[in-house]
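Per-entry structural report
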Amino acid sequence: MQKFKLGFLVNPIAGIGGSVALKGSDGDGIAAQAMALGATAKSNDRAKQALSVLSPYLDKITVFTANEEMGESTAKILGFDTKVVYKSADCVTTAQDTESAVQSLIDEGIDILLFAGGDGTARNVCSQVGDSFPVLGIPAGCKIHSGVYAVTPKAAGRVIEKMVTNELVTLTDADVMDIDESLFREGVVKAKRYGEMSVPCELRYVQAVKSGGKESDELVLQDIAADVINQMEEQLYVIGSGSTTAFLMEELGLDNTLLGVDLVQEQALIASDITEPQLWQVLENYDDQDGEQPVKLVITLIGGQGHIFGRGNQQLSPRIIRKIGKENIIVIATKTKLAALEQRPLIADTGDQTLDQELSGLMKITTGYNDQVLYPVASPE
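Values in this document were obtained by computation on a predicted structure and should not be read as measured data.

Our next topic: the sheet that holds strand 12 (residues 307-309). Judged by pairing direction, the sheet is mixed, and its nine strands sit side by side in the order 10-9-8-11-13-15-16-14-12 without closing on themselves. The open sheet terminates on both sides in strands that have one partner only, identified here as strand 10 (268-271) and strand 12. If you compare each strand with its neighbour and ignore which way they point, the axes differ by 35 degrees on average. By the bridge criterion, seven bridges tie strand 15 (residues 361-368) to strand 16 (residues 371-378) in an arrangement that is antiparallel. Paired with Ile-365 across the strands is Val-373, a residue of strand 16. Packing of helix 8 (residues 218-231) onto the sheet brings it into contact with strand 8 (236-239), strand 11 (296-299), strand 13 (329-332) and strand 15, and relative to strand 15 it is tilted by some 110 degrees.

Written out as structure tokens, the structure reads:
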């Protein structure tokens, strides 16, 4: 019987700058800078989560991939029949490596290309395949605005599983979006559409294009901000990324890192755009006054997608979240933003499956002044 020919490609440095506040990996020298700051590559870990879903079908799949960390190592660790069709010349891969590898994979007659990366990787893939060839992205970058990605790594595996088991899967065109990372690092979001690619249309597993822009209902945002500010005491507040948390900072009269993590204490800014190691050090040294004033974490969700962890806030690592504690997480969002999810749960995709499970269940969401709703949070499938 003909085996399913799975094209599998990993951008090994995707998202590497996230935990150290570099907002991504695009740009000359950014990956090296991130590693010098203590960042570690995690895209292969996320790719492994996706491919692990397919482990029951080892005898039905041949994985065509690139050498070493571009896919080969992960596929072989999981025991797949693996064929390397492209070899990178350097240990630090480039956009050209991605593009060349994609072309080599297509030349092998693969059935679909499963790739791990962020919006920059999607752009590279799109430049080679356009909308003529089926692809699916495993989210592994800091920026996931494009509609070609599954909602979680495991969800990507579930979609491929449907194809391997011959379930009917409809293809649809999805936008490839990206933003200017140089402006992104300055807190400016400037998104652009770079094309579209053909993806399996499984609404439960494939995300919508990220909803961008500032919340339009400022009265509601003012109510949300007033509720949080009214409860602020002397303890430390970790303020996550996003336009809704940015509005809170604006109401406090403080400078804000739109796409980073800031620290506030006694309604004063004490640190901006902090990295994961820096935040961990602060938490380690923080005096919680015998537990009476624990650190609070204020976050919001990604509009249109529902992620509260795992997208754009890699500074909030599993150890950071555990240190703060689920009971000290304040999620803020308008009811309009929640309604746009069409009853889909929020997603905690921290990269730590045990923590994701611990964060699952009903969570209080602050939606106005003295106004909260209970909304479900799910771990990646």
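This brings us to helix 2 (residues 43-52). Counting buried positions along helix 2 gives seven out of 10 residues, so the element sits mostly inside the fold. When we look at burial in helix 2, the residues that qualify are Ser-43, Asn-44, Arg-46, Ala-47, Gln-49, Ala-50 and Leu-51. On its buried face, helix 2 is in contact with strand 1 (4-10), helix 3 (72-77), strand 4 (112-117), strand 5 (135-139), helix 6 (153-164) and helix 13 (353-359).

So, on to the pattern of salt bridges. Considering all chains together, one arrives at 13 salt bridges under this definition. Between Lys-3 and Asp-81 there is a salt bridge whose closest N-O contact spans 3.4 Å. Of the two residues, Lys-3 is situated in the segment before strand 1 and Asp-81 in strand 3 (residues 81-86); the sequence distance between them amounts to 78 residues. Relative accessible area serves as the criterion here: at 31%, Asp-81 is assigned to the partly exposed category. Note that Arg-322 is salt-bridged to Glu-358, the shortest N-O span being 4.0 Å. In this pair, Arg-322 is assigned in helix 11 (residues 318-324) and Glu-358 in helix 13, connecting sequence segments 36 residues apart. Connected through salt bridges with shared partners, the residues Asp-175, Arg-193 and Glu-196 form a single ionic network.

Val-238, Leu-279, Ile-308, Phe-309, Leu-316 and Leu-346 are the most contacted members of the largest nonpolar core, which has 32 residues in total. Once you skip the residues sitting within four places of it in the chain, Leu-316 turns out to touch Val-238, Val-261, Leu-279, Leu-297, Ile-299, Phe-309 and Ile-321. Core analysis: the next-biggest nonpolar cluster, separate from the first, contains 31 residues, Phe-8, Ala-50, Phe-80 and Val-206 among them.

So, on to the environment of Leu-355. With respect to the secondary-structure elements, Leu-355 resides in helix 13. When the C-alpha atoms of Leu-355 and Ser-379 are compared, they prove to be 8.7 Å apart, with 24 residues separating the residues in sequence. Aside from chain neighbours lying at most four places away, what touches Leu-355 is Pro-318, Ile-321, Arg-322 and Thr-350.

Okay, the pairing of strand 8 next. Judged by which residues are buried, strand 8 turns out to be covered on both faces: Leu-236 and Val-238 on one side and Tyr-237 and Ile-239 on the other are all buried. Here strand 8 runs beside strand 11; their pairing, made up of three bridges, is parallel. Looking at the pairing, Val-238 lines up with Leu-297 of strand 11.

Every α-helix winds through 3.6 residues per turn, so residues three or four apart in the chain are directed the same way. Taking 1.5 Å of rise per residue, the 13 residues of helix 4 (residues 95-107) would be expected to cover 18 Å, and the 19 Å separating its terminal C-alpha atoms lies within 8% of that figure. Residues of helix 4 that are buried include every one of Asp-97, Thr-98, Glu-99, Ala-101, Val-102, Ser-104 and Leu-105, and no others. For helix 4, the secondary structure elements touched by its buried residues are strand 1, strand 2 (61-66), strand 3, strand 4 and helix 5 (119-129). Gly-109 sits one or two positions beyond helix 4 and adopts a positive phi of about 75 degrees.

Here we take up the packing of helix 2 against helix 6. Between helix 2 and helix 6, whose axes approach to 7 Å, the crossing angle comes to 35 degrees. Seen from above, helix 2 lies across helix 6 with right-handed handedness. Across the interface between the two elements, Arg-46, Gln-49 and Ala-50 from helix 2 touch Pro-153, Lys-154, Ala-156 and Gly-157 from helix 6. When its residues are assigned to classes, the contact of helix 2 with helix 6 shows three nonpolar, two polar and two charged.

With that settled, the discussion passes to the side chain of Asp-227. Assignment of secondary structure puts Asp-227 in helix 8. No salt bridge is formed by the buried Asp-227; the nearest opposite charge belongs to Lys-364, separated by 10 Å.

Following the criterion strictly, the structure yields one aromatic pair and no others. When the centroid spacing of 5.5 Å and the interplanar angle of 65 degrees are considered together, the rings of Phe-115 and Tyr-149 count as edge-to-face. Pair noted here: Phe-115 is in strand 4 and Tyr-149 is in the loop between strand 5 and helix 6, with a separation of 34 residues, a long-range link. Side by side, Phe-115 and Tyr-149 carry an identical accessibility label, which is buried. The side chain of Arg-123 reaches across the aromatic face of Tyr-194, ending 3.8 Å from its centre. Looking at Lys-323, its charged tip hangs above the ring of Trp-280, at a distance of 5.8 Å from the centre.

Remark: helix 4 packs on helix 5, axes separated minimally by 9 Å, with the N-to-C direction vectors making an angle of 45 degrees. Of the possible angle classes, the one that applies to helix 4 and helix 5 is oblique. Every pair of crossing elements has a handedness; the one defined by helix 4 and helix 5 is right-handed. Here Ala-95, Thr-98, Glu-99, Val-102, Gln-103 and Ile-106 of helix 4 come into contact with helix 5, specifically with Thr-121, Asn-124, Val-125, Ser-127, Gln-128 and Val-129. Grouping the constituent residues of the contact of helix 4 with helix 5 by class yields five nonpolar, six polar and one charged.

Moving on, we come to the sheet that holds strand 4. Strand order in the open sheet made by the five strands is 3-2-1-4-5, with parallel pairing throughout. On the outer flanks of this sheet lie strand 3 and strand 5, each paired with one strand and no other. Averaged over all pairs of adjacent strands, the angle between strand axes in this sheet comes to 25 degrees, irrespective of strand direction. Direction of pairing for strand 2 relative to strand 3: parallel, over a ladder of five bridges.

Conventions used here
- The residue numbers shown here count from 1 along each chain, following its written sequence.
- This being a predicted model, a pLDDT of at least 70 is required before a residue's local features are given, and a value of 80 or more before pairs of side-chain atoms are given or counted; all residues contribute to the totals for chains, interfaces and linings.
- Hydrogens and water are ignored here; the side-chain numbers use all heavy atoms of the structure.
- Two strands form a pair only when DSSP identifies at least two bridges running between them.
- In DSSP terms, a helix is any run of H or I states spanning at least four residues, a strand is any run of E spanning at least two, and both are numbered starting from the N terminus.
- Under this scheme, a helix contributes an axis fitted over its contacting stretch, all axes are lines through C-alpha atoms, and angles between N-to-C directions fall in the 0 to 180 degree range.
- What makes two residues a contact is simply this: any of their non-hydrogen atoms within 4.5 Å.
- Only protein chains enter the area calculation, which uses a 1.4 Å probe; residues under 20% of their type maximum are buried, those over 50% are exposed, and those in between are partly exposed.
- Whenever a carboxyl oxygen of Asp or Glu lies within 4 Å of a side-chain nitrogen of Lys or Arg, that contact is scored as a salt bridge.
- Put simply, buried Ala, Val, Leu, Ile, Met, Phe, Trp, Tyr and Cys residues joined by side-chain atoms within 4.5 Å make one nonpolar core.
- Multiply 1.5 Å by the residue count of a helix minus one, and that product is the helix's expected span.
- Crossings are sorted by hand: turned counterclockwise from the far helix by less than a right angle, the near helix makes the crossing left-handed, and turned clockwise it makes it right-handed.
- Residues are grouped as follows: Ala, Val, Leu, Ile, Met, Phe, Trp, Tyr, Cys and Pro are nonpolar; Asp, Glu, Lys and Arg are charged; all remaining types, including Gly, are polar.
- By the counting scheme adopted, Arg and Lys are positive, Glu and Asp are negative, and His together with the chain ends is not counted.
- The rule is short: rings of Phe, Tyr and Trp, with Trp giving its six-membered ring, pair when the centres are within 6.5 Å, and they are stacked under 30 degrees, edge-to-face over 60, tilted in between.
- Criterion for a charge above a ring: Arg CZ or Lys NZ at most 6 Å from the ring centre, at most 35 degrees from the ring normal.
- Angle categories are assigned with fixed cut-offs, so that under 35 degrees is roughly parallel, over 145 is roughly antiparallel, 65 to 115 is roughly perpendicular, and the rest are oblique.

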